[in-house]
Amino acid sequence: FVLANSLDAIVGASVARRLMKAPEIPRVRHVLQFLAAVALGAAASASVGAVGWSQSYGLADYLREWQLWWAGNWLGFLCIAPVVMGWAVRWRARQLSAPSAPAIESAVIFCAMLGMTVRVFSAPPGSVATIIDMPFILLALMLVAAFRLPPRWCATLAAAAALLASYFASRGSGPFAGDPNPFVRVAAVQLYLATLVAISFILTVVLLEMRNALQLLRTSAERYHNFIEQSSEAVWRVELDVPMPADLAAPEQIAWLREHASVAECNLVYLRLSRLLGLPDVDAHRWRADVPWSAIYLDHLAKAANQDH
């Protein structure tokens, strides 16, 4: 058993280290790589552990014990590793961690999730009376937690719920305790809890990655607009009202630009240049090839085209 559990950690950590180059940065692919790594580690452990289990207790069905060992160790990895990883990032690389949710909101989500876990899994087998007594209500609550809590807190909540559910299931209560087959009973609990933990972990990382991407886009847009607005040089951006075929020759492309181009965006310095020529601000956004700066633009465009740019 010591060899099996050691093999579990060694194989899982080795595969994760090879697959995940920067695990502290939230990425969806990191979650999938983590799930694969811990599944392989649990499988390696089960290959050894099931042998010892069968020999120690005289159980002949090696495949059945292998499945139970694999599912149990995989569930243990899914519960413990994300919690350790999430809090390690918070303590060692705080700038990479997500901000905490409001304390009252977090407390309400924790109380609701753990309370419903106790309600669902402490009930005697076959005693479901209302919709909220069914196990899928826990999946709905974990979805809410994934949307509202950072990954470290969401992983902690999922692990606590899995521990509570495992405790009551081991005492013969809960929605999966009614099956007379002990293999089906144990496997159903393990796979349900693994699904609960995995879905919440994947979703919370996906949402965090999306929020980080949106924040980067927002920051980039602010820097871009600040550069445009505060520049002491005339800056303008040209767009084509009609898309230009890519196979046109350079002279035809320039002719197309003269006909279909418009000034989509410009700064105050550009408007001042237009006012010096007596152009109103409305006409400043029209493309005029006869103004000096547009002529310079076209000259450089022709030169760039001749140099295969």
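Participant: Can you walk me through the overall build of the chain in this structure?
Facilitator: Along its length, the chain carries 11 helices and 2 strands. From first element to last, N terminus to C terminus, the chain shows the α and β order α-α-α-α-α-α-α-β-α-β-α-α-α. Here the chain has a C-alpha radius of gyration of 31 Å; the compact-globule value for 309 residues is 19 Å, and the former is much larger. Looking at the chain as a whole, 36% of its 309 residues qualify as buried. In the chain, once contacts between residues fewer than 6 apart in sequence are set aside, the share between residues at least 24 apart is 68%.

Participant: Before we go on, may I ask you to explain the pattern of salt bridges in this structure?
Facilitator: If you walk through the whole model with that rule in mind, you get 4 salt bridges. Notably, a salt bridge pairs E65 with R64, separated by 3.3 Å at the nearest N-O pair. Residue class for E65 comes out buried when judged on its relative accessible area of 8%. The shortest N-O distance in the salt bridge between R148 and E105 comes to 2.4 Å. With a gap of 43 residues between them, R148 in helix α5 (residues 136-148) and E105 in helix α4 (residues 103-121) connect regions that are remote in the sequence. Given a relative accessible area of 44%, R148 falls into the partly exposed group. Of the residues examined, E105 reaches a relative accessible area of 22% and is grouped as partly exposed. Each of the salt bridges in this network shares a partner with another, and the network as a whole consists of R237, E239 and E265.

Participant: Before we go on, may I ask you to explain the packing of aromatic side chains in this structure?
Facilitator: Each aromatic ring pair is summarised here by two numbers: the centre-to-centre distance and the angle between the ring planes. Summed over all chains, the structure comprises 12 aromatic pairs. Each ring, one from F121 and one from F176, has its centre 6.3 Å from the other, and the planes form 40°; the classification is tilted. Linking F121 in helix α4 with F176 in the loop between α6 (151-170) and α7 (182-230), this pair joins segments that are 55 residues apart in sequence. An aromatic cluster is present here, built from W87, W91, F110 and W153 joined pairwise through their rings.

Participant: Hey, could you run me through helix α1 (residues 2-19) in this one?
Facilitator: An α-helical segment advances 3.6 residues per turn. Residues three or four places apart therefore align on the same side. Here α1 contains 18 residues, and its C-alpha end-to-end distance of 26 Å stays within 8% of the 26 Å for a straight helix at 1.5 Å per residue. Every buried residue of α1 is accounted for by A4, D8, G12 and A16. For α1, the arc enclosing every buried residue in end-on projection is 85°, short of the 170-degree limit, so these residues lie on one face. Along α1, the residues that are exposed and aim more than 90 degrees away from the buried face are V2, L3, I10, R17 and R18.

Participant: It is not clear to me how the packing of α4 against α6 should be interpreted in this structure. Could you clarify?
Facilitator: Each pair of packed helices gets described by two things: the angle between the helix axes and the distance between those axes. Packing of α4 against α6 leaves a shortest axis separation of 9 Å and a crossing angle of 20°. On the basis of the axis angle, α4 is roughly parallel to α6. The crossing of α4 and α6 is right-handed. Of the residues in α6, those touching α4 at I109, F110, M113, L114, T117, V118 and F121 are W153, L157, A160, A161, L164, A165 and F168. The class makeup of the residues in the contact of α4 with α6 is 13 nonpolar, 1 polar and no charged.

Participant: Explanation requested: the environment of A162 in the structure shown.
Facilitator: Within the secondary structure, A162 is located in helix α6. Residues A162 and A194 lie 32 residues apart in sequence; the distance between their C-alpha atoms is 8.4 Å. Sequence-distant contacts of A162, defined by excluding residues within four places in its chain, comprise C79, L193 and V197.

Participant: What should I look at first to understand the nonpolar core in this one?
Facilitator: Nonpolar side chains in soluble globular proteins tend to end up buried together. By size, the foremost hydrophobic cluster in this structure holds 48 residues, and its most contacted members are L78, L138, M142, L149, L157 and L193. Elements that contribute at least two residues to this core include exactly α2 (28-57), α3 (62-92), α4, α5, α6 and α7. Sorting elements by how many residues they give to this core places α7 first, with 11 residues. What L138 contacts, discounting residues up to four positions off in sequence, is M113, M116, T117, F121, Y192 and L196.

Participant: Looking at this structure, how should I read the state of the cysteines?
Facilitator: Throughout this description, disulfide means a covalent bond between two cysteine sulfur atoms. In total, this model carries 0 disulfides according to the counting rule given. Cysteine C111 remains unbridged, with the sulfur of C154 as its closest cysteine sulfur at 16 Å. With a relative accessible area of 58%, C111 lands in the exposed category. C154 takes part in no disulfide bond, and the closest cysteine sulfur, belonging to C79, lies 12 Å away. Relative accessible area serves as the criterion here: at 1%, C154 is assigned to the buried category.

Participant: When you look at the environment of F201 in this model, what are you seeing that I'm missing?
Facilitator: Its location among the elements puts F201 in helix α7. You can call F201 buried: its relative accessible area is 15%. Those residues in contact with F201 that lie beyond four places of it in its chain are V31, F34 and P82.

What counts and how
Residues numbered from 1 in each chain as written. Predicted model: local features only at pLDDT ≥ 70, side-chain atom pairs only at ≥ 80, totals over all residues. Heavy atoms only, no water. Helix = DSSP H or I, 4+ residues; strand = E, 2+ residues; numbered from the N terminus. Rg over C-alpha atoms; globule rule 2.2 N^0.38 Å. Buried < 20%, exposed > 50% of the residue type's maximum accessible area, 1.4 Å probe, protein only. Contact = heavy atoms within 4.5 Å. Salt bridge = Lys/Arg side-chain N within 4 Å of Asp/Glu carboxyl O. Phe/Tyr/Trp six-rings, centres within 6.5 Å; stacked < 30°, edge-to-face > 60°. Expected span 1.5 Å × (residues − 1). Arc of directions from axis to C-beta. Axes fitted to C-alpha atoms, helices over the stretch in contact; angles between N-to-C directions. Parallel < 35°, antiparallel > 145°, perpendicular 65-115°, else oblique. Left-handed = near helix turned anticlockwise from the far one by under 90°. Nonpolar A, V, L, I, M, F, W, Y, C, P; charged D, E, K, R; others polar. Core = buried A, V, L, I, M, F, W, Y, C linked by side-chain atoms within 4.5 Å. Disulfide = S-S within 2.5 Å.

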